[in-house]
Each structure stands twice: as structure tokens, then as C-alpha cells.
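Residue-level structure breakdown
Okay, here's what each chain looks like letter by letter:
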Amino acid sequence: TGSTRRDSISYRGGKPGRVPVGVGSRRLRIVVTGGAGFVGSHLVDKLIGRGNEVIVIDNFFTGRKENLVHLFGNPRFELIRHDVVEPILLEVDQIYHLACPASPVHYKYNPTNVMGTLNMLGLAKRIGARFLLTSTSEVYGDPLEHPQKETYWGNVNPIGERSCYDEGKRTAETLTMDYHRGAGVEVRIARIFNTYGPRMCLDDGRVVSNFVAQAIRKQPLTVYGDGKQTRSFQYVSDLVNGLVALMDGEHVGPFNLGNPGEFTMLELAQVVKETIDSSATIEYRANTADDPHMRKPDISKAKELLNWEPKVPLREGLPLMVNDFRNRILNEDEGKGL
Ligand code: NAD
Ligand code: UDP
Ligand code: UDP
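Residues numbered from 1 in each chain as written. Chains lettered and ligands numbered in written order. Predicted model: local features only at pLDDT ≥ 70, side-chain atom pairs only at ≥ 80, totals over all residues.

Right, let's talk about the overall build of the chain for a bit. Along its length, the chain carries 10 helices and 13 strands. Looking at the chain as a whole, 44% of its 338 residues qualify as buried. In the chain, of all internal contacts separated by at least 6 residues, the share reaching a separation of at least 24 is 78%. (Helix = DSSP H or I, 4+ residues; strand = E, 2+ residues; numbered from the N terminus. Buried ≥ 20, exposed ≤ 12 C-beta atoms within 10 Å, placed from the backbone. Contact = placed C-beta atoms within 7 Å.)

In the neighbourhood of ligand 2, the contacting residues comprise Pro-87, Ile-88, Leu-89, Leu-118, Asn-119, Gly-122, Leu-123, Lys-125 and Arg-126. The residue makeup of the shell around ligand 2, split by class, is 5 nonpolar, 2 polar and 2 charged. (Near = placed C-beta within 6 Å. Nonpolar A, V, L, I, M, F, W, Y, C, P; charged D, E, K, R; others polar.)

Around ligand 1 sit 31 residues, and of these Gly-34, Gly-37, Val-39, Gly-63 and Cys-100 come closest. For the shell around ligand 1, the secondary structure elements donating two or more residues are helix H2 (38-49), strand E2 (53-58), helix H3 (112-127) and strand E5 (130-136). Looking at which element gives the most residues to the shell around ligand 1, the answer is H2, with 3 residues. In terms of residue class, the shell around ligand 1 is built from 15 nonpolar, 14 polar and 2 charged.

Bringing the pairing of strand E8 (residues 221-224) into the picture now. Regular strands place their side chains on alternate faces of the sheet. Only one face of E8 is covered, namely the one carrying Leu-221 and Val-223; the face carrying Thr-222 and Tyr-224 has none of its residues buried. Pairing analysis gives 4 bridges linking E8 to strand E13 (residues 282-285), with the strands arranged parallel. Across the sheet, residue Val-223 finds its bridge partner in E13, namely Tyr-284. (Pairing = 2+ DSSP bridges.)

For the rest of this paragraph, the subject is H3. Helical geometry note: an α-helix holds 3.6 residues per turn, so side chains three or four residues apart project in the same direction. Between its first and last C-alpha, H3 extends 21 Å over 16 residues, near the 22 Å set by a 1.5 Å rise per residue. Taken together, the buried positions of H3 are occupied by Thr-112, Asn-113, Gly-116, Thr-117, Leu-118, Asn-119, Met-120, Leu-121, Leu-123 and Ala-124. One or two positions beyond H3, positive phi appears at Gly-128, with a value near 70°. (Expected span 1.5 Å × (residues − 1).)

This brings us to the environment of His-293. Tracing the sequence through the fold places His-293 in the loop between E13 and helix H8 (300-306). Given 12 C-beta atoms within 10 Å, His-293 falls into the exposed group. Here the alpha-carbon distance between His-293 and Leu-268, two residues 25 residues apart in the chain, equals 15 Å. Sequence-distant contacts of His-293, defined by excluding residues within four places in its chain, comprise Asp-142 and Gln-229.

For the chain, per-residue confidence averages 90 on the pLDDT scale, and 89% of positions sit at 70 or higher. Within the model, the stretch residues 1-22 combines pLDDT values under 50 with 29 contacts to residues more than four positions away or in other chains. (pLDDT = per-residue confidence, 0-100.)

This paragraph deals with the nonpolar core. Counting residues in each nonpolar core, the largest one holds 73 residues, and the members touching the most others are Ile-95, Tyr-96, Phe-131 and Leu-243. Broken down by element, this core gets its largest block of residues, 7 residues, from helix H6 (residues 236-248). Every residue in contact with Leu-243, bar those within four places of it in the chain, is listed here: Leu-43, Tyr-96, Leu-132, Ala-190 and Leu-257. (Core = buried A, V, L, I, M, F, W, Y, C linked by C-beta atoms within 7 Å.)

Take H6 next. For H6, which comprises 13 residues, the first-to-last C-alpha distance of 18 Å matches the rise-based estimate of 18 Å (1.5 Å per residue) to within 8%. All of the buried residues along H6 are Val-236, Asp-238, Leu-239, Val-240, Gly-242, Leu-243, Val-244, Leu-246 and Met-247.

For the rest of this paragraph, the subject is the packing of helix H5 (residues 207-216) against helix H7 (residues 265-275). Contact geometry of H5 with H7 gives a least axis separation of 10 Å together with a crossing angle of 40°. When the axis of H5 is compared with that of H7, the two are oblique. In this structure, H5 meets H7 at a crossing whose hand is right-handed. Across the interface between the two elements, Val-207, Phe-211, Val-212 and Ala-215 from H5 touch Met-265, Leu-268, Ala-269, Val-272 and Lys-273 from H7. (Axes fitted to C-alpha atoms, helices over the stretch in contact; angles between N-to-C directions. Parallel < 35°, antiparallel > 145°, perpendicular 65-115°, else oblique. Left-handed = near helix turned anticlockwise from the far one by under 90°.)

Before going further, it helps to examine the environment of Asp-166. Of note, Asp-166 is situated in helix H4 (residues 163-183). Residue classification places Asp-166 among the buried positions, given that 26 C-beta atoms sit within 10 Å. Spatially, the C-alpha atoms of Asp-166 and Asn-113 are 9.7 Å apart, while their sequence positions differ by 53 residues. Setting aside its immediate chain neighbours within four residues, Asp-166 contacts Glu-138, Val-139, Gly-141 and Val-156.

With omega at -10°, the peptide bond leading from His-146 into Pro-147 counts as cis. Turning to its location among the elements, Pro-147 is positioned in the loop between E5 and H4. In this structure, the amide linkage connecting Gly-253 to the following residue, Pro-254, adopts the cis form with an omega of 5°. In this structure, Pro-254 sits in the loop between H6 and strand E11 (255-257). If you check the backbone angles, Phe-60 has positive phi at about 60° while not being a glycine. The topology assignment puts Phe-60 in the loop between E2 and strand E3 (77-81).

Attention now goes to the environment of Pro-198. On the secondary structure map, Pro-198 appears in the loop between strand E7 (195-196) and H5. For the pair Pro-198 and Val-39, spaced 159 residues apart in sequence, the C-alpha separation works out to 9.4 Å.

Below, the discussion takes up the sheet that holds E2. Here 7 strands make up an open sheet; going across it, the order is E3-E2-E1-E4-E5-E6-E11 and the pairing parallel. Only two strands of the sheet have a single neighbouring strand rather than two, namely E3 and E11. Pairs of neighbouring strands in the sheet enclose a mean axial angle of 20°, with direction left out of account. Relative to E3, E2 runs parallel, the two being bridged by 5 bridges. Directly across from Val-56, in E3, lies its bridge partner Leu-79. Running at roughly 155° to E5, H4 makes contact with E5 and strand E6 (187-192) of the sheet.

The structure is reproduced here in C-alpha cells:
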């Protein structure tokens, strides 16, 4: 009931930095926007698993009900079809704000990063909830510092094809800090580096999902440019642990959440070959505009202040997503009558 739930909250309207008494208790009520997506659905599993009440808000732009279907019928779980660009009234203790068209093929179509973040901050302000923004390593743009520390301000093209994502997230960070300083909202900012795992969108153009799907479909792995650009790939369970540590901890951030293990795209292709199909071939394609040449998180801040670090290296994490991809590709093919 409302009254018992209120009893579990110590930080409502209180000083920033206090840890809610309700953390770990089943009475904490949490919203996850974008909870039907890849990262969101794994986060929801973790929160439900530790006994929280979870409300997912998602418009299914890239998310899927299938990612949450195992929770339907759980009395602590609720799913609302809603676009966060529109206002919403809810009563919760924590807001994990993940809703965002998160891949190059989708993100140019939607003002979610600005309007959605504003609405969720307005909600957090009204009800005294703690708000966590999932920002991105893309705020560093094509970085001139390597590896990237949180203190680096980035090298972003404000008018390029990626700008609505990079600059959208940078604006979202700005709004978050403005609501923190101006309205006293308790906020947390995570800068997430490339993350992979089961339930990733099959066809949203990200490199890990592309390579894994291509290897399973016996298609050539499409390497963009010369394949020497680097990324650092994090397994999704590590990210989810980091997000929860950040939300429940005492520090605003921003915090880099990523795995410092750095790979060129050609090295990634090699790991995918070793994991799925050693006979897979590589096909070179023209690279996309403004593609960052390298990216690797410096995670000393999260290690020190959140006591968090990733545990799953790429060669252990990749095999964990293969079965999920195989099953979904098989279902798709059956759906097409193949
Ligand atoms: P995803 O596309 O799987 O999930 C995003 C979810 O948001 C989807 O379920 C989608 O339907 C929902 N959504 C989009 N617009 C919405 C709107 N207007 N209203 C309501 N719901 C909406 O992507 P993901 O990889 O799970 O990303 C989750 C968050 O993490 C995003 O904010 C993304 O920017 C951030 N992030 C992810 C990565 C990564 O490598 N996966 C890296 C950096 C940052
Ligand atoms: N908002 C919302 N739910 C709430 C409170 C606010 O969706 O419970 C939205 C509201 O519609 C507005 C945004 O959040 O568009 C910012 O709200 P705030 O109160 O900070 O700004 P104001 O409405 O005063 O411009
Ligand atoms: N990339 C690639 N082949 C693909 C998809 C992407 O070589 O099929 C490259 C892309 O050019 C970029 C890197 O992989 O250099 C990571 O791309 P992704 O879109 O996954 O993430 P982001 O660029 O946002 O880090």
C-alpha cells in the first residue's frame, strides 16, 4: 500500500547522497524507461530478482515484449506502453532512464534524448525520486584523449549525422545536472561504453550484433573502413551491476561504465569467427561518417567510488549470446516460411 511504501523511503525530498533504506527491500518501487530494450530488460530482471517493484515504460520503438514476457503475471512487475516524449504521472522511488533510440539506424528519428529526459526529470522533481541517466561514451565524440576519463570534454561534431545522438545525450547530461543543481533532484549519470549480450537488437546495425548474426547466417562479416578502429566491449551483466551500484551509491558521477579490453574491428571479427564459425569470411564496406577512431574507458573512478569493475572478458561473453541469437534467427526464418 501507499503508506507502507512511504515508510521504506528515507531520501524522499532529502539531502543528496543519502542511500535509501528501501534498497534491497521488496518495497522499493522503480521505473525503468526503455525497459523492454536490450539493457533495460536485463536491468529489470536484476531489480525483480532482488525483490523490487518495477514499472517499465516503453513505446516498443526498438524494444520487444518478448524481452519481458517471462515477467508477465509477476505481481511486482508492470509494463506501460508510453512514449516518454509525452508527460506521465507516476509515484516511484527511483527512475532508471534508458529510453532512447540507441543505434545509428534508429536514433535520428526521435527527440527522446531531450524531451524524454526533461519529462523524466520533471517527474523525479515532483515526486522526489532519484534519477539515473544512461548517457554514453559517444559524448566523447572522436576522442583526442585515450583512454577517456570522465574529466575529458570530448570532440563532437555538432552538425554531423551522429549529432542527434551525441549532442542529444550531452544535452540530457546538461538537463540532469541543471535539475540536480537547480531543483535539488538526486541524480546519477552513467556513460556507457559499447555493450553486448543476449536480447540485443538483431538488425540495428551495431557491430557485435551484426557480426554474430552474420556468422550464424553464414554471411560475410561486414567490416567498415579498414577495420583498425577500436572499441571496448562490455558484457551486459557487468553493465547492469554497475548501473545498480551507481543508483544505490552516493555519487552523482558521471561514471564511465565499460570494459577496458580494447579490440580493433578486425580482432572482433576474429573472436566471432573463433566462437561461431571459423570459415566465416570478411567483406570490407565504406565506413560511416564521423566514426570514432578509438574508444576505451578509464574506469578508475567507478572502481574507486562504486567498488565496481567488469568481470566478463569478450571471449567469455560472446558465447553467452550465441544461443539467443541462433534461436531468434531460426524463429525469424520460420516466420518467413524458410
Ligand atoms: P535498446 O534500443 O535495446 O533499448 C532502448 C529502449 O528504449 C527500447 O526498448 C525502445 O523501445 C525504448 N524507447 C526508445 N524511444 C522511446 C520513447 N520515446 N519512449 C519510450 N521508450 C522508448 O538499446 P539499449 O542498448 O538497451 O540502450 C539502453 C540505453 O543505454 C540507451 O539510453 C542507450 O543510449 C544507452 N547506451 C547503450 C549502449 C550499448 O552499447 N548498448 C552504449 C551506450 C549507451
Ligand atoms: N512532468 C511529467 N510528470 C510529472 C511532472 C512533470 O511528465 O510528474 C513533465 C512536465 O510535463 C514537463 C517536464 O516534466 O514537461 C518538466 O517538468 P518541470 O515541472 O520541471 O517543468 P515545467 O512544467 O515547470 O516547465
Ligand atoms: N562496424 C563494422 N561493421 C558493422 C557495424 C559496425 O565494422 O557491421 C564498425 C563501426 O564502423 C564502428 C564500430 O564497428 O567503427 C562500432 O560500431 P557500433 O555502431 O557498434 O558502435 P559505435 O560506433 O556507436 O561505437
